[in-house]
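The primary structure of each chain is shown beneath.
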Amino acid sequence: MEVPERAICYRALQARDPRFDGLLFVGVTSTGVYCRPICPARTPQFQYCLFFGSAAAAQAAGFRPCLRCRPETAPDLASWRGTSNTVSRALALIAEGVLDCDGSGVAQLSERLGVGERHLRRLFLKHLGASPIAVAQTRRVLFAKQLIHETRMSMTEVALAAGFGSLRRFNEVFHDLFHRPPSTLRRDRAPD
Ligand SMILES: [Zn+2]
């Protein structure tokens with residue numbers, strides 16, 4: 001599915017239309033945050049909105065996830081379903097960690113899928129608006145964020161469990177996306 005035209009996206013946003021949840025993500029240029037269409041926060045002005053078909057695409061464009069609507073928990077990348085078997089198989093392999101090792105991962109991934117590396121990149125850009133590496137990184141960060149919220153694991157354990165080679169690498173990637181160290185997420189959490 002391609003992202004619908006801006007006016008339609010914006011109406012979905014104004015209506016907080018749940019039918020668009022998982023199909024549409026909005027990056028707000030004035031804040032640098034991206035949201036689900038159902039976010040309870042005040043609807044941003046039209047001219048500040050950029051629309052994406054996946055959370056990975058929004059992050060690839062430099063937006064960080066909203067901490068209110070938690071776009072990483074939207075129905076998982078629904079936009080690619082039924083559109084490309086190759087992309088869905090690639091995403092399953094990425095979720096298994098096939099790109100978590102090093103730079104040679106994309107070549108190996110395309111080999112396993114029986115397609116050329118450039119073709120795979122093109123498919124990803126068309127269906128998700130993001131490269132395989134960006135998608136893999138998004139998944140790692142979002143999984144790590146979930147572990148921080150939902151477990152008592154140490155930051156080193158979170159980094160390794162989420163597929164980062166080291167705590168240092170995890171801190172770097174996390175800081176790029178959220179503009180603060182991962183441990184602050186846990187400190188910010190309201191007592192429950
Ligand atoms: Zn939001």
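The structure this text deals with has already been given above.
Just so it is clear, the model here is predicted, and its values are computed rather than measured. (Residues numbered from 1 in each chain as written. Predicted model: local features only at pLDDT ≥ 70, side-chain atom pairs only at ≥ 80, totals over all residues. Heavy atoms only, no water.)

Chemist: Would you explain unusual backbone geometry in this entry?
Modeler: With the exception of glycine, the majority of residues adopt a negative phi angle, and the majority of peptide bonds are in the trans configuration. For Arg16, which is not a glycine, the phi torsion comes out positive at approximately 50 degrees. Along the chain, Arg16 falls in the loop between helix H1 (6-14) and strand E1 (25-28). When its relative accessible area of 31% is taken as the criterion, Arg16 is described as partly exposed. In the Ramachandran plot, Arg70 falls in the positive-phi region, its phi being about 45 degrees despite a non-glycine side chain. Within the secondary structure, Arg70 is located in the loop between strand E4 (64-65) and helix H3 (85-95). On the basis of relative accessible area, Arg70 is assigned to the partly exposed category, the value being 24%. (Helix = DSSP H or I, 4+ residues; strand = E, 2+ residues; numbered from the N terminus. Buried < 20%, exposed > 50% of the residue type's maximum accessible area, 1.4 Å probe, protein only.)

Chemist: Is there a simple way to explain the nonpolar core in this structure?
Modeler: Most often, soluble globular proteins keep nonpolar side chains buried together rather than apart. In this structure, Ile94, Leu99, Leu109, Phe124 and Val135 are the most contacted members of the largest nonpolar core, which totals 18 residues. For this core, the element with the highest residue contribution is H3, accounting for 5 residues. Leu147, Val158, Phe178 and Leu185 belong to the second-largest nonpolar core, a separate cluster that totals 15 residues. (Core = buried A, V, L, I, M, F, W, Y, C linked by side-chain atoms within 4.5 Å.)

Chemist: Would you mind showing me how to read the coordination of the zinc ion here?
Modeler: For the zinc ion, every protein donor is listed as Cys35 (SG), Cys39 (SG), Cys66 (SG) and Cys69 (SG), and the spread of their distances is 2.2 to 2.4 Å. Bound by 4 donor atoms, the zinc ion shows angles of 103 to 121 degrees at the metal and therefore tetrahedral coordination geometry. Between consecutive donor residues of the zinc ion, the sequence gaps follow C-x3-C-x26-C-x2-C. A residue pair is termed long-range when its members are at least 10 positions apart, and Cys35 in strand E2 (residues 33-35) and Cys66 in the loop between E4 and H3 qualify at 31 residues. The same class applies to Cys35 and to Cys66, which are both buried. (Donors = N, O, S within 2.8 Å, 3.2 Å for Na, K, Ca; no water. Tetrahedral: all angles 85-135°; square planar, octahedral: opposite > 155°, others 65-115°.)

Chemist: Help me understand the pattern of salt bridges, please; the structure alone is not making it clear to me.
Modeler: Working definition: two side chains of opposite charge can pair if their charged atoms are close together. Under the counting rule described, the total for this entry stands at 5 salt bridges. In this structure, the salt-bridge partner of Arg19 is Asp17, at a minimum N-O distance of 2.7 Å. Taking relative accessible area as the criterion, Arg19 reaches 65% and is therefore assigned exposed. Residue class for Asp17 comes out buried when judged on its relative accessible area of 11%. A salt bridge links Arg36 to Asp21, with the shortest nitrogen-to-oxygen separation between them at 2.5 Å. Placement of Arg36 in the loop between E2 and strand E3 (49-52) and of Asp21 in the loop between H1 and E1 is noted, with a sequence separation of 15 residues between them. Given a relative accessible area of 14%, Asp21 falls into the buried group. Through salt bridges that share partners, Arg168, Arg169 and Glu172 make up one connected network. (Salt bridge = Lys/Arg side-chain N within 4 Å of Asp/Glu carboxyl O.)

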